[in-house]
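An overview of the molecular structure
Given next are the chains, with one letter for each unit.
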Amino acid sequence: MSSADEYSDDEIDYYDEDDEGMLVDDDESASEMELDNFSEGASKKKIYEVDYESLSQAEVEKQMKSDVDSITSIFGVAEDVAPLLLRHFDWNKEKLIEKYMDNAATVSVAAGIAPPEKAPRRPAASGGRLHSSSQSSKESLIGPRRSSRRTASAATKSSKSKVLERVTPQVHNESFVCPICFDDTQTEFLSLVCDHKFCKSCWAAYIESKVKTEAESWIACMAEDCDVVAPDNFVKQVLTGDQRTWERFHELLVRHYVSHRPDLKYCPYPSCTYTVSCSITRASLATQVPIVTCGNSTTHKFCFGCNIDSDHRPVICAVAKMWLQKCHDDSETANWIKSNTKECSKCQSTIEKNGGCNHMTCKKCKYEFCWVCMGPWSEHGTSWYNCNRYDEKASKDARDAQSRSRASLERYLHYYNRWANHEQSKKLSVELYAKTEKKMEEMQMTSELSWIEVQFMKKAVDEVIKCRTTLMWTYGMAYYLESGNEKELYEDNQRDLERAVEDLSELIESPLDPEVIKTLRQKVTDRTVYVTKRNEIVLEDTARGFLEGRWAWNVPVAGLD
Amino acid sequence: MDARLRRVNKEIADCKNDQSSNIDIDLVDNSPFHLVGSFDGPEGTPYEGGHFQVDIVIPESYPFQPVKMKFITKIYHPNVSSASGAICLDILKDAWSPVLTLKSTLISLQSLLCSPEPRDPQDAEVAKHYMTSKSSFEETARYWTEIYAGGPGKTGKARASAPKDEVAIAGLDPAHVQQFQSLGFEKGKVIDVLRRLNYRGANVANINDDRVVEELLKP
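For clarity, every value in this text was computed on a predicted model and none was experimentally measured.

In terms of regular secondary structure, chain B is built from eight helices and four strands. In chain B, the succession of α and β elements from N to C terminus is α-β-β-β-β-α-α-α-α-α-α-α. For chain B, the proportion of its 219 residues judged to be buried stands at 49%. Counting only contacts in chain B whose residues sit at least 6 apart along the sequence, the fraction spanning at least 24 positions is 53%. When the accessible surface of chain B is split by element, carbon and sulfur atoms take 50% of a total near 10,700 Å².

Right, let's talk about the interface of chain A and chain B for a bit. In this assembly, 15 residues from chain A lie in contact with ten residues from chain B. Note on chain A versus chain B: buried area summed over both sides is about 1,200 Å², and carbon and sulfur give 66% of it. Three residues stand out in chain A for area buried against chain B, namely A:Ile180, A:Phe182 and A:Glu224, and they jointly supply 44% of the buried area on that side. Scanning the region where chain A abuts chain B turns up one salt bridge. Notably, a salt bridge pairs A:Asp183 with B:Arg6, separated by 3.3 Å at the nearest N-O pair. At the junction of chain A with chain B, the criterion picks out eight residue pairs in polar contact (both at pLDDT 80 or more). Counting residues per element, the side of chain A that touches chain B draws most heavily on helix α11 (residues 200–214) of chain A, at six residues.

A grouping of A:Glu224, A:Asp225, A:Asp227, B:Asp90, B:Asp94, B:Glu117 and B:Asp120 is seen on the molecular surface, where their side chains present a negatively charged patch. Take B:Glu117: it is sitting in the loop between α2 (102–114) and α3 (124–132).

For the rest of this paragraph, the subject is the pattern of salt bridges. Residues and elements named next belong to chain A. Considering all chains together, one arrives at 28 salt bridges over all chains under this definition. For Glu251, the salt bridge identified is with Arg248, shortest N-O distance 3.6 Å. A residue pair is termed a helical-turn pair when its members lie 3 or 4 positions apart in one helix, as Glu251 and Arg248 do in helix α13 (residues 243–259) at three residues. We classify Arg248 as partly exposed; its relative accessible area is 30%. In this structure, the salt-bridge partner of Arg255 is Glu251, at a minimum N-O distance of 3.4 Å. Taken together, the positions of Arg255 and Glu251, both in helix α13 and four residues apart, correspond to about one turn of that helix. Several salt bridges share partner residues, and in doing so they unite Asp67, Lys93, Arg261 and Asp263 into one network.

Residues and elements named next belong to chain B. Taken in spatial order, the four strands make up an open sheet running β1-β2-β3-β4, and their pairing is antiparallel. In this open sheet, the two edge strands, each paired with only one partner strand, are β1 (24–28) and β4 (68–71). This sheet shows a mean twist of 30 degrees between the axes of neighbouring strands, independent of strand direction. Alignment of β1 against strand β2 (residues 31–40), held across five bridges, turns out to be antiparallel. By the bridge assignment for β2, Ile25 is matched with Gly37.

This part covers the UniProt feature "active site" (unreviewed entry) in chain B. Residue and element names in this part refer to chain B. Mapped onto this numbering, the UniProt entry annotates "active site" (unreviewed entry) at Cys88. Its relative accessible area of 13% is what places Cys88 among the buried residues. Setting aside anything within four residues of it in sequence, one finds Cys88 in contact with Asn79, Lys93, Leu112, Asp120 and Gln122.

All right, on to α2(B) then. Owing to its 3.6 residues per turn, the α-helix aligns residues three or four sequence positions apart on the same side. All names here are of chain B. Taking 1.5 Å of rise per residue, the 13 residues of α2 would be expected to cover 18 Å, and the 19 Å separating its terminal C-alpha atoms lies within 8% of that figure. Leu102, Thr105, Leu106, Leu109, Gln110, Leu112 and Leu113 are the residues of α2 that are buried. The arc that holds every buried residue of α2, seen down its axis, measures 150 degrees, which confines them to one face. In this fold, the buried residues of α2 make contact with α1 (3–17), β1, β2, β3 (51–57) and β4.

What counts as what
- Residues numbered from 1 in each chain as written.
- Chains lettered and ligands numbered in written order.
- Predicted model: local features only at pLDDT ≥ 70, side-chain atom pairs only at ≥ 80, totals over all residues.
- Heavy atoms only, no water.
- Helix = DSSP H or I, 4+ residues; strand = E, 2+ residues; numbered from the N terminus.
- Buried < 20%, exposed > 50% of the residue type's maximum accessible area, 1.4 Å probe, protein only.
- Contact = heavy atoms within 4.5 Å.
- Areas by Shrake-Rupley, 256 points an atom, 1.4 Å probe, with all protein chains shown as cover.
- Buried area = accessible area lost by both parts, 1.4 Å probe.
- Salt bridge = Lys/Arg side-chain N within 4 Å of Asp/Glu carboxyl O.
- Polar contact = N/O pair within 3.5 Å; in protein donor to acceptor, adjacent residues only side chain to side chain.
- Patch = residues over 30% accessible without salt bridge, like charges linked within 9 Å, V, L, I, M, F, W, Y side chains within 5 Å.
- Lys, Arg positive; Asp, Glu negative; His and termini not counted.
- Charge placed at Lys NZ, Arg CZ, Asp CG, Glu CD.
- Pairing = 2+ DSSP bridges.
- Axes fitted to C-alpha atoms, helices over the stretch in contact; angles between N-to-C directions.
- UniProt positions renumbered as here; feature names shortened; annotations may be inferred.
- Expected span 1.5 Å × (residues − 1).
- Arc of directions from axis to C-beta.

Written out as structure tokens, the structure is:
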């Protein structure tokens, strides 16, 4: 994370935009608008919430522009050059300033704003007229002052009639065949500062291919081994008439900017163009879960700290990731096989015993053996169907190993089943909403309750779904919690929430009785409030536990000691 | 006319007219977008005397996206997969420029044969061979040129000397050959089968020993 003063300019911007009114979740807005961690904001904000701000694409562009403007004014370069410099340095202003001040010429070549100097020709052409030494002519060729560069390029190209112009690309109209399409009917030719001419339609096809198939915003000259990059205005000029590619190009630029700023993250929901700004540090991810919502829609909820597209509170990113990994891995399949099957000791086929006696005959190799001791059946002699070798040490060890493996499997399944159960219920929420909708209509018909008065049902469903998400993740966390008093308290809270949620859930889904609608309404409202409280307790207590370092894990967790 | 078609037709015509470069481009199934290019192995390399064929597919967005090329002729080279013919060359990927042509790309391939880049390999096993013993690598490359690309082989000057280790020439690991020899198979047969199955380097893991024995047992 960068130092605080680095982004101080931007933060001032954030405050301004707050005042203009942002789209933030109604009841949370008060705490989220408060950006100061150390003022009274901390007391208003819930402990499990983080400060963040949602930015539209236009707002991000404004930030980009302010970065560009500052570079433009510091270096005195053209407006078109600064974005390329910044993009080359991945929007790291400090590094750019340092390197550029150190050696402007090298940086300009590397950033693709100037062609590399051709030693034998250029200094001779410009050096004599403008400067006494070739070194200073090199400086003047690329910057820092735009005017001086223009003179320099004019001098270098003095043999040609046209003056090289950076901002508006050179348009050539003389008879010329484009070396790419060989189409002699083309009349409009363009080139970058490197003076490699190509027809406009080839440029357009090239840029479209780069932008659309490669999602690349770094458009290098089409000539071989030429690293000069097309500035935005050039791209815009070429793409006149192809608005969609231009918009996509623009979006790619913004994405590039956002992806290189540690305090910004693009909303991962499909075709959403919002960005969230959050200044959480990597280290604090061990104690905080930065769940944010973008300003486009309240359903666009995601974690700023990791790539899980679900509200995984109260579990921190590292543990949540571990749990998901475990659930997705088929290591548990192997575990099942281990505890439910044995291998034929002759041909190694995997065998599941699903009934019958201990006298096994391998289907594949016809080997006859005892399921209990795995020894050949012939050695059992007359003690048929009753293995007397059971207590021998080898078979005892095998039995112990098997029961250990079974116990760990059962422990995992305990947590996984509950996790999966809540996940499944959550997935059915669409249906539940539809059902509730119907019920609400029914209520309005059968009782004198108005539309606004039956909204309690929808609110209850909202709350149930929210709490199921919390419950889901609490099981993921519990799996990794070391047993002890802390875990017991944690599970008490979890149980209380679960019971409350199941109660409420049952209540919403129970058939409607017109007689008791009023009492039902009271009950549902009360329980919704109770569930909300319980959920808050779970989230708050877990969050506090993280801050206090109260949780002990039964496995090493990445990012924690 | 479609710009891509015009461009490809011109490129093919240019290649036909140009006799000096010794690069041929032929159509496959009459489509100008699926071609076969061929050139001779450069002189002074283990590939000398061989004639190499390259499969060329012109993508939809050519020339703004690079052509797809791979060797049809098997070749022993650090930057070419000895199994699939896939080529590791920058201009076929990110260093592609629309001004490059089929001819210039094939010439680049030809020069890749002159100057292998074992530090950026396509076939790690071949690259390792190149790095550890260049002379043994060249031996194998020459052998491959002879059997796959119609090279001069034994008649050539290098092979005129004393017989060389056939295992190394086939690009195999002596330990692998030994392993199957110890099962009672003839050395020549083991080498032949392992070479055919491409039982080398990282590929070994994908080939079951049973499969090798099965092959070996075939008359």
